[in-house]
Amino acid sequence: MSSTGRYKGFQSWLDERSGLSEIFRFLREKKIPQHRHSMWYYTGSAILLFFAIQVITGFLLVFYYNPTLEGANASVARIMTEVPLGWIIRSVHSWSASFMIAFVFVHLLSIWITKAYRKPREMTWMSGVFLLFVSLAFGFTGYLLPWDDLSLSATKVGTDIPRSIPVIGVWVTKLLRGGEDVTGDTLTRFFGFHVSILPVFLLAFLAIHVYLIQKQGMSIPLVAEKKDEKMKELPFWPNFVYREMVVWLVLTGILFSVAVFFPPSLDKAADLMAPAPEGIRPEWYFLFLFQMLKIFPAKILFVNGDTLAVLLIFLGVVAFFFLPLIDNKPEEKKGKIITIIAYLFIVYAVAMTIWSLL
Amino acid sequence: MRKKKKFIILFVLVISFHSFFLLKPDFAQQVGQKEKTEMTQEEESQEKIISGPQNIKESTGIYVFVAWMWLAIFVLIYILNLKIKEVDRLFEIRFISEKKK
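Note that the coordinates shown come from a computational prediction; the quantities given were computed from them, not determined experimentally.

### As for the interface of chain B and chain A
At the interface, 30 residues of chain B touch 36 residues of chain A. Of the roughly 3000 Å² buried between chain B and chain A on both sides combined, carbon and sulfur atoms contribute 70%. The three residues of chain B that bury the most area against chain A are Ile49(B), Ser51(B) and Phe91(B), which together make up 19% of that side's buried surface. Across the pair Arg243(A) and Asp88(B) runs a salt bridge, and its minimum N-O distance is 2.5 Å.

### Side note on the nonpolar core
Within soluble globular proteins, side chains that are nonpolar tend to cluster in buried spots. Formed by 55 residues in total, the largest nonpolar core has its most connected members in Trp112(A) and Trp125(A). The set of elements that each furnish at least two residues to this core consists of helix H3 (41-62), helix H5 (86-114), helix H6 (122-144), helix H9 (184-216), helix H11 (236-261), helix H13 (305-321) and helix H15 (333-357) of chain A together with helix H4 (56-100) of chain B. Broken down by element, the residue count for this core peaks at twelve residues, all from H5(A). Sequence-distant contacts of Trp112(A), defined by excluding residues within four places in its chain, comprise Tyr117(A), Trp125(A), Phe320(A), Leu323(A), Ile338(A), Ile341(A), Ala342(A) and Phe345(A). Within the second largest apolar cluster, 16 residues are counted, among which are Val76(A), Trp147(A), Val182(A) and Phe191(A).

### Section: the pattern of salt bridges
A pair can form between side chains of opposite charge whenever their charged atoms are brought close. Residues and elements named next belong to chain A. Per the counting criterion, the structure on display carries nine salt bridges over all chains. Of the charged contacts in the structure, one is a salt bridge between Asp160 and Arg163, with a shortest N-O distance of 2.8 Å. Note on Arg163: relative accessible area 32%, which makes it partly exposed. Three or more residues joined by partner-sharing salt bridges are found here, namely Asp160, Arg163 and Arg177.

### Re the side chain of Ser257(A)
Along the chain, the position of Ser257(A) falls in helix H11. Residue classification places Ser257(A) among the buried positions, given a relative accessible area of 11%. In terms of polar contacts, Ser257(A) uses its side chain to reach the side chain of Trp70(B), at 2.7 Å. Excluding residues within four positions of it along the chain, Ser257(A) makes contact with Val66(B), Met69(B) and Trp70(B).

### Let's talk about helix H4 (residues 72-81) of chain A
Burial analysis of H4(A) places eight of its ten residues in the buried class, which makes it a mostly covered element. Those residues of H4(A) not exposed but buried are Ala72(A), Asn73(A), Ala74(A), Ser75(A), Val76(A), Ala77(A), Ile79(A) and Met80(A).

### Observations regarding the packing of aromatic side chains
All names here are of chain A. Summed over all chains, the structure comprises 24 aromatic pairs over all chains. Between Phe130 and Phe321 the ring centres are 5.3 Å apart and the planes differ by 75 degrees, which places this aromatic pair in the edge-to-face class. Here Phe321 lies in helix H13 and Phe130 lies in helix H6, a separation of 191 residues in the sequence. Lying over the aromatic face of Phe236, Lys30 brings its terminal NZ or CZ to 5.6 Å of the ring centre.

Criteria and cut-off values
- Residues numbered from 1 in each chain as written.
- Chains lettered and ligands numbered in written order.
- Predicted model: local features only at pLDDT ≥ 70, side-chain atom pairs only at ≥ 80, totals over all residues.
- Heavy atoms only, no water.
- Contact = heavy atoms within 4.5 Å.
- Buried area = accessible area lost by both parts, 1.4 Å probe.
- Salt bridge = Lys/Arg side-chain N within 4 Å of Asp/Glu carboxyl O.
- Core = buried A, V, L, I, M, F, W, Y, C linked by side-chain atoms within 4.5 Å.
- Buried < 20%, exposed > 50% of the residue type's maximum accessible area, 1.4 Å probe, protein only.
- Helix = DSSP H or I, 4+ residues; strand = E, 2+ residues; numbered from the N terminus.
- Polar contact = N/O pair within 3.5 Å; in protein donor to acceptor, adjacent residues only side chain to side chain.
- Phe/Tyr/Trp six-rings, centres within 6.5 Å; stacked < 30°, edge-to-face > 60°.
- Lys NZ or Arg CZ within 6 Å of the ring centre and 35° of its normal.

In structure tokens:
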């Protein structure tokens, strides 16, 4: 039997059992609309790329990381100084987390502005917002793992925020910390969240999200839909995938270059008894919320300022989650106001982040 | 003139390929370990660690690797661009013939 014959035989054997040819047929028949907002389609696959890099570098780091009070900082120091090319692996892991979250924000904001979440894609949006929360949780839990002064203090501040929530606040803080204060138990708990619980959630929501996208197809911008004209389409395979590969290559190049030229440093091991250092700051994607909490007055009328700020953030998050249901008539005046709110939110978040950095 | 050309080619080849030998992590690590003083692990963790290449050889290797990576990316993008043009043309032909039917 020739090698081609053997390959064909193996292909039909595999197909009979897995039904892979059905998937490939689906991918060949899947069409991507082409319009002036098409570039936003690439942000979704960019997130997947950074997630894949996170998984690979995370596996490599976990071989050397020791999630204990005594060993955490020393093991990260060892990764950076003794493990061959360990500093690059850590740097790529850290930077790809930032890139991933940045692209999640861009992806969601582009969907918000182009109204891609409108009927019947409400659930796709909601699963995407869940993915944003999980990504932020990854960032929050990962920030503590080097166990240096800054990460300890930032985690203390971060886990203290839920305390302002009425009724359940104290319980949430205790749940996050594994006790009254941030200790070695918090570190172990955060490590557990970071490497086992959150990945399960992320994969589950990712599967739902991707399934919904395939089921509903790619959304067409509202402006183009209104015109009701036949839109140019591209096959997903191979035309769109080749274009995506170009984006992946460029992003991978940028990520590695940034990781090589700007690797993150490591402070000395955190001391639980030491006073909080100056300039406590969370990761950049939490800065706008951090600044908002900082500038909020201690008391507004008879209400505690912190409680009010946390409740406002909570309401904002709930509204963001149910956005497709709130913006149920996107072509009318209400829809236009919601688009303006999207732009205002971008300006607000950028301004608050800059203010926090000053 | 010919000698000069040969010399330039040889020079470019040496510059291009010496990085592969420099990139050997074992070598860089050996040098790094030699440079380290006899500090205890506790003392070591008291300092702020600046991440980056451990020595000049590792840093040269890394930067040459980044240059090679970008060169490879540009070549791949060029090839992908040709492929995109080809598949788009094929799709257009099919698209037009479908329209005519």
